[in-house]
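Residues per chain are reported as follows:
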Amino acid sequence: MHTLHGIGCSEGFSEGSVLVKRSIRPEQLERPAKTAEEELQRLEDSRRALDERLEALYDKTLSESGEEAAELIESYQMIAMDQPLFDRIRAKIRDGLSAPAAVRQVLEQEKSVFDAMEDVYLRERYADIEAVAHELIALCCGVSGALSGVELRGPTIVVADALTPVDTVNLDKKFLRGFVTEAGGTTSHAVILARTLGIPAVVGVQDITGIAKTGETICINGGDGTVLLSPGEREKAAFDLAAAEYRRGKERYEKEAPGPAFTKDGTRILLAVNSGDSDTADALSPAVCDGVGLFRTEFLYMKEEDYPDEETLFNAYRAAVVRMAGKPFIFRTLDIGGDKALGYMQLPREENPFLGYRAVRICLDRPALFRTQLRALLRASAYGAVQIMFPMITCLEELLRCRAALDEARSQLDAEGAPYRKDIPVGIMVETPAAVLVLDQLAPHVEFFSVGTNDLVQYLMAADRGNPQVQGLYDSFQISVLRALRHIGTVARQHGVALGVCGETASSTAMVPFLVGCGVEELSVAASALPRLRYLVRRLNRQDCEEAARTAVNLPSAKQAKEFLCRFAQHSMEEAE
Ligand code: PEP
Ligand code: MG
């Protein structure tokens, strides 16, 4: 029995069996070699394990997917039996390399040979060698590789050193009950996805992949970050009690009558949902919300093996818009980069991806990519209330270039006679400090602002949203963040620009009164948070919220601001009961 603590970042209680998923760390590959005999033995053991894995995979593929699919595994088996290839790996080990490093070097040599081939078919066979080599390296390092897959067989909580958004997208949601990671901040995209799917998640749990064993029982509280491994009877009973209490609170919110949310003094606050991955896009429903406040279009690109074409995008956008039956639907244009990588884009490795090549910086450099998406979005607007939003805007020039790209797509569709909505509202994410400082220049060119607090907090506080070591600073209650939010509210009001918040802050019970007090008119959140927010908004008084916001920005610390706003939210809810 172990009790561990991390940062709870997607609320809820869940129980399942552990599946440990570890990625290969560079230091494992670079670990000094032991004696040549030991490294050769490591290679042989890994090769035997690889053979067994491939044989099992072949049988499974044959029975589940047929002969053609099984042929691929057969070709992997051939590579795993390639004697000359293994002789070269062994020679490198005898020269002093570790087994995984030797496999990697031979793979690099193979790559240059294949890259020089003229025949495209043969050149592409390199992918098979790469797949087998990666699996072998993983086995040499004692971790599971991609070929072994992460097939979930029952209620499972994935325990990983780190999870990329792509890993998360590929996990079978039928059995996924939550995840716990060593790395990852509270607004990493894997976490956002968990919240969107209503799955509890805990991040920043030190060494859990070394402590947890695949198959053992695990209970997690995604609210306070507690993780129990093989809990004893007493711990399990306490966990069940807390879970039951959490569920009772949830039921109370869910009993709240559906329909629009007005504050007690009559201000309408739109409650919209964040979506984008196919699971939540399929579940969109106009009955539970006032629209879609953020559709992260990059998830669709992440599902594909290559750039999706205009028809694929158009069909997906149209289906989502039709599902929302005329309710406002904000599509954010491609925001790839940062922690969202796209293999087929072949973007260069960056030292600081969050400060690098991302979002409109890429789209403006690749007009064809941008145009394809903008055309698909415009065409989908013929089927619903589409709005278009540009991410990561930092200056007026960038916004004008995005608008020009949109105008160009419009002209093309006009020339083709393709229908689209002429008066599509256009907006931007306000998520860089640069945008906050020139908001008055941006305002005349947009219909709405949507504050992306996930990024705004990291850029304002110079604290990586994915780094648990700086999560103390990465805090939306920091006074500088509160002041930025209040300033955004003031500029939006002065210019008559609609104002929403679509970062994770929008679902924080303590932050909502502050946001309402700043003039925020729309909160866009994971669907699971909607009942709680509807319950809360209906118990707020906007004028009191304005007063609270004025007070909060002058408090001396994030801790005091958080305590003050928590008390305010609590009182508002209790007073009304
Ligand atoms: C944000 O930055 O707050 C946001 C909503 O965008 P993302 O989390 O996708 O960067
Ligand atoms: Mg962002």
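Residues numbered from 1 in each chain as written. Chains lettered and ligands numbered in written order. Predicted model: local features only at pLDDT ≥ 70, side-chain atom pairs only at ≥ 80, totals over all residues. Heavy atoms only, no water.

Peer 1: How would you summarise the site of ligand 1 if you had to cite specific residues and measurements?
Peer 2: In the vicinity of ligand 1 there are 17 residues, among which Arg296, Arg332, Gly452, Asn454 and Arg465 approach most closely. Between an oxygen atom of ligand 1 and a main-chain N or O atom of Gly452, the distance comes to 3.3 Å. Between ligand 1 and the protein, one listed contact pairs an oxygen atom with a backbone N or O atom of Thr453 at 3.1 Å. If ligand 1 stood free it would expose 290 Å²; the protein chains cover 100% of that surface. Here the element with the most residues in the shell around ligand 1 is helix α20 (residues 453-461); it accounts for three residues. Across the shell around ligand 1, the residue classes break down as four nonpolar, five polar and eight charged. (Near = heavy atom within 4 Å. Polar contact = N/O pair within 3.5 Å; in protein donor to acceptor, adjacent residues only side chain to side chain. Areas by Shrake-Rupley, 256 points an atom, 1.4 Å probe, with all protein chains shown as cover. Helix = DSSP H or I, 4+ residues; strand = E, 2+ residues; numbered from the N terminus. Nonpolar A, V, L, I, M, F, W, Y, C, P; charged D, E, K, R; others polar.)

Peer 1: Break down the nonpolar core for me, citing the residues and quoting the values.
Peer 2: Where a protein is soluble and globular, its nonpolar side chains tend to be buried together. Phe329, Phe390, Ile428, Phe449, Phe514 and Leu523 are the most contacted members of the largest nonpolar core, which totals 107 residues. Sequence-distant contacts of Phe514, that is, excluding residues within four places in its chain, are made with Leu482, Leu485, Ala549, Ala552, Val553 and Leu565. Judged by nonpolar contacts, the second largest core, of 28 residues, contains Ile73, Ala99, Phe114 and Tyr126. (Core = buried A, V, L, I, M, F, W, Y, C linked by side-chain atoms within 4.5 Å. Buried < 20%, exposed > 50% of the residue type's maximum accessible area, 1.4 Å probe, protein only. Contact = heavy atoms within 4.5 Å.)

Peer 1: Before we move on, can you summarise the side chain of Asp277 with the specific residues and values?
Peer 2: Here Asp277 lies in the loop between β10 (268-275) and α12 (278-282). Each residue touching Asp277, except ones within four places of it in the same chain, is listed here: Leu193, Thr196, Leu197 and Phe299.

Peer 1: Explain the coordination of the magnesium ion (ligand 2) residue by residue, including any values.
Peer 2: Taken together, Glu431 (OE) and Asp455 (OD) make up the protein donors of the magnesium ion (ligand 2), found 2.0 to 2.1 Å from the metal. Linking Glu431 in the loop between β14 (426-430) and α18 (433-437) with Asp455 in helix α20, this pair joins segments that are 24 residues apart in sequence. Residue Glu431 is classed as buried on the basis of its relative accessible area of 1%. (Donors = N, O, S within 2.8 Å, 3.2 Å for Na, K, Ca; no water.)

Peer 1: So what's going on with the environment of Glu504? Residues and values would help.
Peer 2: Within the secondary structure, Glu504 sits in the loop between β16 (498-501) and α22 (511-517). Glu504 sits 77 residues away from Gly427 along the chain, and the two C-alpha atoms are 19 Å apart. Discounting residues that sit within four places of it in the chain, Glu504 has contacts with Thr187, Ile192, Arg195, Asn274, Arg296, Thr453 and Asn454.

Peer 1: Go over the packing of aromatic side chains with me, naming the residues and quoting the values.
Peer 2: Going through the model one piece at a time under the given rule, you end up with 10 aromatic pairs. Measuring from ring centre to ring centre gives 4.8 Å for Tyr307 and Tyr344, while their planes differ by 75 degrees; the resulting arrangement is edge-to-face. Of the two residues, Tyr307 sits in the loop between α13 (298-303) and α14 (310-323) while Tyr344 sits in the loop between β12 (329-332) and α15 (360-365), which places them 37 residues apart along the sequence. On the basis of an interplanar angle of 15 degrees and a centroid distance of 4.4 Å, the ring pair of Phe329 and Phe331 is categorised as stacked. Across the pair, Phe331 and Phe329 agree in class, each one buried. Positioned above the aromatic ring of Phe314 is the side chain of Arg379, whose terminal nitrogen or guanidinium carbon lies 4.0 Å from the ring centre. In this arrangement the basic side chain of Arg539 is found over the ring face of Tyr535, its NZ or CZ atom lying 3.7 Å from the centre. (Phe/Tyr/Trp six-rings, centres within 6.5 Å; stacked < 30°, edge-to-face > 60°. Lys NZ or Arg CZ within 6 Å of the ring centre and 35° of its normal.)

Peer 1: Tell me what's going on with the sheet that holds strand β2 (residues 7-10), and back it up with residues and numbers.
Peer 2: Taken in spatial order, the eight strands make up an open sheet running β1-β8-β7-β3-β4-β5-β6-β2, and their pairing is mixed. In this open sheet, the two edge strands, each paired with only one partner strand, are β1 (2-5) and β2. When the angles between neighbouring strand axes are averaged without regard to direction, this sheet yields 30 degrees. Relative to the sheet, helix α9 (residues 189-197) contacts β2, β5 (176-181) and β6 (201-203), its axis offset from that of β2 by approximately 55 degrees. (Pairing = 2+ DSSP bridges. Axes fitted to C-alpha atoms, helices over the stretch in contact; angles between N-to-C directions.)

Peer 1: Summarise the packing of helix α4 (residues 83-94) against helix α5 (residues 99-115); cite the residues concerned and give the values.
Peer 2: Two elements in contact, α4 and α5, have axes separated by 9 Å at closest approach and are oriented at 125 degrees. Between α4 and α5, the crossing angle belongs to the class labelled oblique. Read as a crossing pair, α4 and α5 show a hand that is right-handed. Of the residues in α5, those in contact with Leu85, Arg88, Ile89, Lys92 and Ile93 of α4 are Ala99, Ala102, Val103, Gln105, Val106, Gln109 and Glu110. Per-class residue counts for the contact of α4 with α5 are seven nonpolar, two polar and three charged. (Parallel < 35°, antiparallel > 145°, perpendicular 65-115°, else oblique. Left-handed = near helix turned anticlockwise from the far one by under 90°.)

Peer 1: Hey, could you go over the pairing of strand β8 (residues 226-229) for me, with residue numbers and the actual values?
Peer 2: Neither face of β8 is left uncovered, since the one carrying Thr226 and Leu228 and the one carrying Val227 and Leu229 both have all their residues buried. Summarising the sheet, β1 and β8 pair through four bridges and their orientation is antiparallel. Bridge assignment links His2 to a residue of β8, and that residue is Leu229. Examined bridge by bridge, strand β7 (residues 217-221) and β8 share four bridges and lie antiparallel to one another. Within β8, the residue paired with Cys219 across the bridge is Leu228. What sits between the antiparallel neighbours β7 and β8 is a turn of four residues, in which Gly225 has the positive phi angle 85 degrees.

Peer 1: Describe the side chain of Arg42, naming the residues involved and giving the relevant values.
Peer 2: Of note, Arg42 is situated in helix α2 (residues 36-65). We classify Arg42 as buried; its relative accessible area is 17%. A distance of 2.7 Å separates a polar atom in the side chain of Arg42 from the backbone oxygen of Cys140. Each residue touching Arg42, except ones within four places of it in the same chain, is listed here: Arg31, Ser98, Ala99, Pro100, Cys140 and Cys141.

Peer 1: Mind laying out the pairing of β12, listing which residues take part and the relevant values?
Peer 2: Every other side chain in a regular strand lies on the same face of the sheet, so the side chains alternate between the two faces. Going residue by residue along β12, you find Phe329 and Phe331 tucked away on one face and Ile330 and Arg332 tucked away on the opposite face as well. Sheet analysis places strand β11 (residues 292-296) next to β12, joined by three bridges and oriented parallel. Within the sheet, the bridge partner assigned to Phe295 lies in β12 and is Phe331.

Peer 1: Outline the state of the cysteines, supporting the account with residue identities and numerical values.
Peer 2: Considering all chains together, one arrives at zero disulfides under this definition. Of the cysteine sulfurs around Cys518, a residue in no disulfide, the closest is that of Cys545, at 9.7 Å. Judged by its relative accessible area of 0%, Cys545 falls in the buried class. (Disulfide = S-S within 2.5 Å.)

Peer 1: Would you mind going over unusual backbone geometry in detail, with residue names and values included?
Peer 2: Of note in this structure, Ser230 is not a glycine but carries a positive phi near 40 degrees. Its place among the elements puts Ser230 in the loop between β8 and α11 (233-254). A positive phi is found at Ala359, a non-glycine position, where the angle reads about 55 degrees. With respect to the secondary-structure elements, Ala359 resides in the loop between β12 and α15.

Any functional reading would require information that these geometric values do not contain.
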